[in-house]
Amino acid sequence: MTVRWGVIGTGGIARSFVEDSAALGVRFTAVGSRTRDRAQAFADEYGIEHAHGDYDALVADDTVDAVYVATPHSAHAEDALRAIEAGKHVLVEKAFTVNAAEARRVVDAARAAGVLVVEAMWTRFLPQASRIRQLVHEGRIGRPRLVEATHHQALPTDPRHRLNDPALAGGALLDLGVYPLAFAVDALGVPETVAAVGSLSDQGVDTQMGLVLGHPDGAQSVLHFALDLRSPNAASIIGDEGRIDLDPSWIGPTTYRLRDRDGHVLEEFDGREDRVGYHHEARAFEEMIASGDHEGGPMPIEQTVAIMEVMDEARRQVGVRYPGETDDATDTGAEPTHP
Ligand SMILES: NC(=O)c1ccc[n+]([C@@H]2O[C@H](COP(=O)([O-])OP(=O)(O)OC[C@H]3O[C@@H](n4cnc5c(N)ncnc54)[C@H](OP(=O)(O)O)[C@@H]3O)[C@@H](O)[C@H]2O)c1
């Protein structure tokens, strides 16, 4: 069965996702925007049949099987729940929600409705990610002990931009840090301890943050991300018998080398491609619908919730709280894990 996609939001990532995926045969039948004009312009540009001037009409569209949520973080839970209530499968942009409490509400609703919900952590779906996962699980670097990764981008400084606006759940962690965090969790498992240091903007969002995470079996990750820095963005997974070095920028299709402990190259992988690479997550999502596997895949939904819990704890430590959040909203329910 061909999955028919609808898109909520007409911003930057909605355009990139549709462009990248449609070119490889993913079928988009509808788009929803807060304004009819923007929906129509987007539909015209990408040859999409139905344009809706509000999101409720988009999720109610009979020609839509799966909804891609491409709105700011602050709107993800509401838009995902809207799609789930309409009986649609839903792929939600990262960060999945503002906090873990919202994430659990979305996941519970999807399970109750029997629909698929997945976080669009697209780097998990790249061919390089599945090969690296295999190498780590086969013990090719011995026991994985350390993940090092950065995600630095010099992004718009306009205070009204969603990245800088607390009301839209801006900040480096939810926008950029979620990638190295998802990468570290893939290699080392869900962290048991979290230590965060952050710098905040005048508006109260994190502009940069460092995380040191303690994973099961004593492994650690050291992650840094910033909205106002530029760097090549490399990443490594280091084990007691070898390492995997991903070349800059590791956030996207790239090259990597598997090395033994002495630095000899054992395997080289070139995952570069002409496209950005969003089509991999779109196709994997379609396969999950077809197989009925709602819990597994490269970005299992329970890991998404666990990652939201880590981000809640990191934000608690550095003092970032979004409007409307209460103590309960960022309370992970876990024992305090900071030093
Ligand atoms: N996977 C990736 O590589 C990647 C890259 C960039 C961003 N993202 C993620 O994608 C999501 C959207 O980011 P973006 O950069 O595409 O943002 P954007 O360019 O600002 O677009 C967001 C869209 O959401 C809709 N929207 C709904 N409520 C809104 C509000 N209160 N304020 C502004 N827009 C609102 C708007 O569409 P309408 O006006 O048409 O309704 C808007 O065009 C975020 O979760 C972000 O983290 C992912």
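Use the structure listed above.
Heads up: these notes are all about the structure in this document. Because the structure is predicted, anything quoted here is derived from the model rather than measured.

### Regarding helix α4 (residues 73-85)
Turning to step 1, where the next piece is worked out: An ideal rise of 1.5 Å per residue puts 18 Å on 13 residues; α4 measures up with 19 Å between its terminal C-alpha atoms.
Turning to step 2, where the next piece is worked out: By the burial criterion, the buried members of α4 are His73, Ala75, His76, Ala77, Asp79, Ala80, Arg82, Ala83 and Ile84.
Turning to step 3, where the next piece is worked out: Of the surrounding elements, those touching the buried residues of α4 are β1 (4-8), α3 (55-60), β4 (66-69), β5 (89-93), α5 (100-113) and α7 (172-188).
Turning to step 4, where the next piece is worked out: The first or second residue beyond α4 is Gly87, which carries a positive phi of 80°.

### What to know about the packing of α5 against helix α9 (residues 301-318)
Turning to step 1, where the next piece is worked out: One can describe the packing of α5 onto α9 by two numbers: an axis separation of 8 Å at closest approach and a directional angle of 165°. What the angle tells us is that α5 and α9 run roughly antiparallel. Judged by the sense of rotation from one axis to the other, the crossing of α5 with α9 is left-handed. When α5 is examined against α9, the residues Ala100, Ala103, Arg104, Val107 and Arg111 are found in contact with a partner set consisting of Ile301, Glu302, Val305, Met308, Glu309 and Asp312.

### Section: the site of the ligand
Turning to step 1, where the next piece is worked out: Neighbouring the ligand are 22 residues; Thr10, Ser33, Tyr55, Lys94 and Tyr278 lie closest to it.
Turning to step 2, where the next piece is worked out: A distance of 2.8 Å separates an oxygen atom of the ligand from a polar backbone atom of Ile13.
Turning to step 3, where the next piece is worked out: One of the side-chain N or O atoms of Tyr278 is found 2.7 Å from an oxygen atom in the ligand.
Turning to step 4, where the next piece is worked out: Burial of the ligand by the surrounding chains reaches 79%, relative to a free accessible area of 890 Å².

### Quick notes on the sheet that holds strand β11 (residues 235-239)
Turning to step 1, where the next piece is worked out: Spatially, 8 strands are ordered β8-β9-β10-β7-β11-β12-β13-β14 in an open sheet, and the strand pairing comes out mixed. The sheet terminates laterally at β8 (193-200) and β14 (265-270), the two strands that pair on one side only. Sheet twist, expressed as the average angle between the axes of neighbouring strands with direction ignored, equals 10°.
Turning to step 2, where the next piece is worked out: Where β8 lies against strand β9 (residues 206-214), 8 bridges are found, and the strand directions are antiparallel. Paired with Ala195 across the bridge in β9 is Val212.
Turning to step 3, where the next piece is worked out: Helix-sheet contacts for α9 involve β8 and β9, and the interaxial angle to β8 is about 50°.

Quick notes on the rules
- Residues numbered from 1 in each chain as written.
- Predicted model: local features only at pLDDT ≥ 70, side-chain atom pairs only at ≥ 80, totals over all residues.
- Heavy atoms only, no water.
- Helix = DSSP H or I, 4+ residues; strand = E, 2+ residues; numbered from the N terminus.
- Expected span 1.5 Å × (residues − 1).
- Buried < 20%, exposed > 50% of the residue type's maximum accessible area, 1.4 Å probe, protein only.
- Contact = heavy atoms within 4.5 Å.
- Axes fitted to C-alpha atoms, helices over the stretch in contact; angles between N-to-C directions.
- Parallel < 35°, antiparallel > 145°, perpendicular 65-115°, else oblique.
- Left-handed = near helix turned anticlockwise from the far one by under 90°.
- Near = heavy atom within 4 Å.
- Polar contact = N/O pair within 3.5 Å; in protein donor to acceptor, adjacent residues only side chain to side chain.
- Areas by Shrake-Rupley, 256 points an atom, 1.4 Å probe, with all protein chains shown as cover.
- Pairing = 2+ DSSP bridges.

Limitation: the analysis is restricted to geometry and does not speak to function.
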